[in-house]
Amino acid sequence: AWEEQETLRVEAPLLKEEIGVRVRRGPSWKWGEQDGGPGSTGVTIPCSDGGWVGVQWDSGLAYCYRVGAEDAYDLSVVEQATTTPEPTTTTPTPTTT
């Protein structure tokens, strides 16, 4: 039998201005409910200031956050769960002669 094991993922802070990364609140978060609340996620988008990156939150709001500015890291990278397809077993069909 194939069983999927749940593993604990440690989320690393987003350290640079990367675009298209799925993120959530990080270690330096101080922005209240801008993200839509704890556990909310979004995708990074361009932001004009160096050391900052924008986030388009799933709630529809977008703001800029620190990724090195002021020695702070407001975002953590969300580990994308890679789903492994369950192995399929095929049963040979009996043939009659």
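These notes cover the structure that comes with them. A quick note: this is a predicted structure, and the numbers were derived from the prediction, not measured. (Residues numbered from 1 in each chain as written. Predicted model: local features only at pLDDT ≥ 70, side-chain atom pairs only at ≥ 80, totals over all residues. Heavy atoms only, no water.)

Okay, the nonpolar core next. Counting 10 residues, the largest nonpolar core consists of Leu14, Val21, Val23, Trp29, Val53, Val55, Trp57, Tyr65, Val67 and Leu75. The greatest single-element share of this core, amounting to 3 residues, is contributed by strand E3 (residues 52-57). Those residues in contact with Val21, other than ones at most four positions away along the chain, are Leu14, Gly42, Val43, Thr44 and Val77. (Core = buried A, V, L, I, M, F, W, Y, C linked by side-chain atoms within 4.5 Å. Buried < 20%, exposed > 50% of the residue type's maximum accessible area, 1.4 Å probe, protein only. Helix = DSSP H or I, 4+ residues; strand = E, 2+ residues; numbered from the N terminus. Contact = heavy atoms within 4.5 Å.)

Turning our eyes to something else, we now look at the pattern of salt bridges. Taken as a whole and judged by the stated rule, the model has 5 salt bridges. The shortest N-O distance in the salt bridge between Glu70 and Arg66 comes to 3.1 Å. Salt bridges linked by common partners bring Arg25, Glu33 and Asp35 together as one network. (Salt bridge = Lys/Arg side-chain N within 4 Å of Asp/Glu carboxyl O.)

This part is about unusual backbone geometry. Although it is not a glycine, Glu70 sits at a positive phi angle of roughly 55 degrees. Here Glu70 shows up in the loop between strand E4 (62-66) and strand E5 (75-77). Even without a glycine there, the phi angle at Asp71 is positive, about 55 degrees. Locating Asp71 in the fold gives a position in the loop between E4 and E5. By relative accessible area, Asp71 is classed as exposed at 73%.

Spatial strand order, E4-E3-E2-E1-E5: 5 strands in an open sheet with antiparallel pairing. What marks the edges here is a single partner per strand, and that holds for E4 and E5. Strand-to-strand, the axes of this sheet are offset by a mean angle of 45 degrees, without reference to chain direction. Here strand E2 (residues 42-45) pairs with E3 via 4 bridges, running antiparallel. Paired with Thr44 across the two strands is Val55, which belongs to E3. (Pairing = 2+ DSSP bridges. Axes fitted to C-alpha atoms, helices over the stretch in contact; angles between N-to-C directions.)

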